[in-house]
Amino acid sequence: MESTPAPEPSWQQLALQELQQQRQSLEGEIKELEQRRDQLQAEISSHFTGQADGLSRRVKGFQDYLQGALVDLARSVEQLELVPETLAVQPSPLDQQQQQEAAKASEEEPAPAPVSASGLFAGETTLITERLAAFRDNPDFHADAWQLRRSLDQSGYDLLSDWFLSQGGRGAQPSGGSRSRNVLVTAAAVSLLGDLYGERFQTLVLAGAPERLGDWRRGLQDGLGLSREDFGPNSGVVLFERPDALIERADRLEEQGELPFIVVDAAERAVETAILQFPLWLVFAADPQELAYEEELL
């Protein structure tokens, strides 16, 4: 007796088996995704806890730094001789006669020329005033790299005119009220110094926080058409968080016969006296409102 062959499964059964296999596969994938989700949640929770601890330590560290900086600032102000003492000398009769003759001659002469630059820039009055006027009145937005590509407003023009011509490139100036304005003024100074000294100087910026240094990097890149390669130990601009490293770099530049141009961010509460020994430095002095705003950003 011949056996009857088993009936072939119908298409409904085949479809059902395929659906069951797909369901099992999807259930396995869902289980793996749930495990991955639980793992990511655990990692996020631990990472946030670590960040919170780091932020707490950073705030505490800044408080300690601020207390020490205020003490250093008070000591520096006490020791700094802001106005040198002058020796009053009584003029002799001959000196008085010469002064009277000079005054009489000056009345017959035409109006005197504008005051000349002092210090490093003696004799460069014409070039400095012309370049600053061009920055204010005729900005070149497509200038080559290391040339100012932005417009300098009147306050920036007055600040740099006083810094170059009256202070001789060595002095503190009031902050423009924001870091972006101070960076623009610095970019104009770097551009003009490039006209005077070519590549024989390097700009050293002191801003004691990574966020502030980031603002300086982006602002100088935009204002002078620079790239990231222009920032570094062997490039045109070097950024520093600590004053001791900046001073060491400035000393090395002078030993090599080059000129360091030191710029101090307005958020710095105290300035190392060693910085003031160099021939070219610009310190931005912030008002209390700007300093309070900087503290809120920390």
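Up top is the structure.
Residues numbered from 1 in each chain as written. Predicted model: local features only at pLDDT ≥ 70, side-chain atom pairs only at ≥ 80, totals over all residues. Heavy atoms only, no water.

Visitor: So what exactly am I meant to see when it comes to helix 7 (residues 243–255) here?
Guide: Spacing of three or four residues puts side chains on the same side of an α-helix, whose turn is 3.6 residues. If you check helix 7, its first and last C-alpha atoms are 18 Å apart, about what 13 residues at 1.5 Å a residue would give, namely 18 Å. Buried within helix 7 are the following residues: L246, I247, R249, A250 and L253. Projection of helix 7 onto a plane perpendicular to its axis shows the buried side chains occupying an angular sector of 165°, all on one side. The inward-facing, buried residues of helix 7 contact strand 2 (201–206), strand 3 (237–240) and strand 4 (259–264). (Helix = DSSP H or I, 4+ residues; strand = E, 2+ residues; numbered from the N terminus. Expected span 1.5 Å × (residues − 1). Buried < 20%, exposed > 50% of the residue type's maximum accessible area, 1.4 Å probe, protein only. Arc of directions from axis to C-beta. Contact = heavy atoms within 4.5 Å.)

Visitor: Whenever I open this one, the side chain of S191 confuses me. Can you help?
Guide: For S191, the position within the fold is in helix 5 (residues 179–197). Overall, the relative accessible area of 0% leaves S191 in the buried class. Discounting chain neighbours no more than four positions away, the residues touching S191 are R131, F135, W146, Q147, L148 and L224.

Visitor: Would you take a moment to explain the sheet that holds strand 1 (residues 170–174) for this structure?
Guide: Picture the strands of a sheet paired through backbone hydrogen bonds; they go either parallel or antiparallel. What the 5 strands build is an open sheet, ordered 1-5-4-2-3; its pairing is parallel. Across the chains shown, the open sheet's two edge strands, defined by having one partner strand only, are strand 1 and strand 3. Neighbouring strand axes in the sheet, compared pairwise and without regard to direction, differ in orientation by 20° on average. Two elements, strand 2 and strand 3, share 4 bridges in a ladder whose sense is parallel. Across the sheet, residue L204 finds its bridge partner in strand 3, namely V238. Together, strand 1, strand 4 and strand 5 (281–285) form the strand contacts of helix 4 (residues 154–166), whose direction differs from that of strand 1 by roughly 160°. (Pairing = 2+ DSSP bridges. Axes fitted to C-alpha atoms, helices over the stretch in contact; angles between N-to-C directions.)

Visitor: Please clarify how helix 6 (residues 210–224) should be interpreted in this entry.
Guide: For helix 6, which comprises 15 residues, the first-to-last C-alpha distance of 21 Å matches the rise-based estimate of 21 Å (1.5 Å per residue) to within 8%. Three or more residues of helix 6 are buried, namely R212, L213, G214, W216, L220, Q221, G223 and L224. Following helix 6 by one or two positions, G225 has its phi on the positive side, about 65°.

Visitor: Whenever I open this one, the pattern of salt bridges confuses me. Can you help?
Guide: Note on pairing: side chains with opposite charge can pair once their charged atoms come close. This structure, assessed with the given rule, holds 10 salt bridges. Note that R136 is salt-bridged to D137, the shortest N-O span being 3.1 Å. A salt bridge links D265 to R179; the nearest nitrogen and oxygen atoms lie 2.8 Å apart. Note that D265 is positioned in the loop between strand 4 and strand 5 and R179 in helix 5, a separation of 86 residues in sequence. Each member of the pair, D265 as well as R179, carries the same accessibility label: buried. (Salt bridge = Lys/Arg side-chain N within 4 Å of Asp/Glu carboxyl O.)

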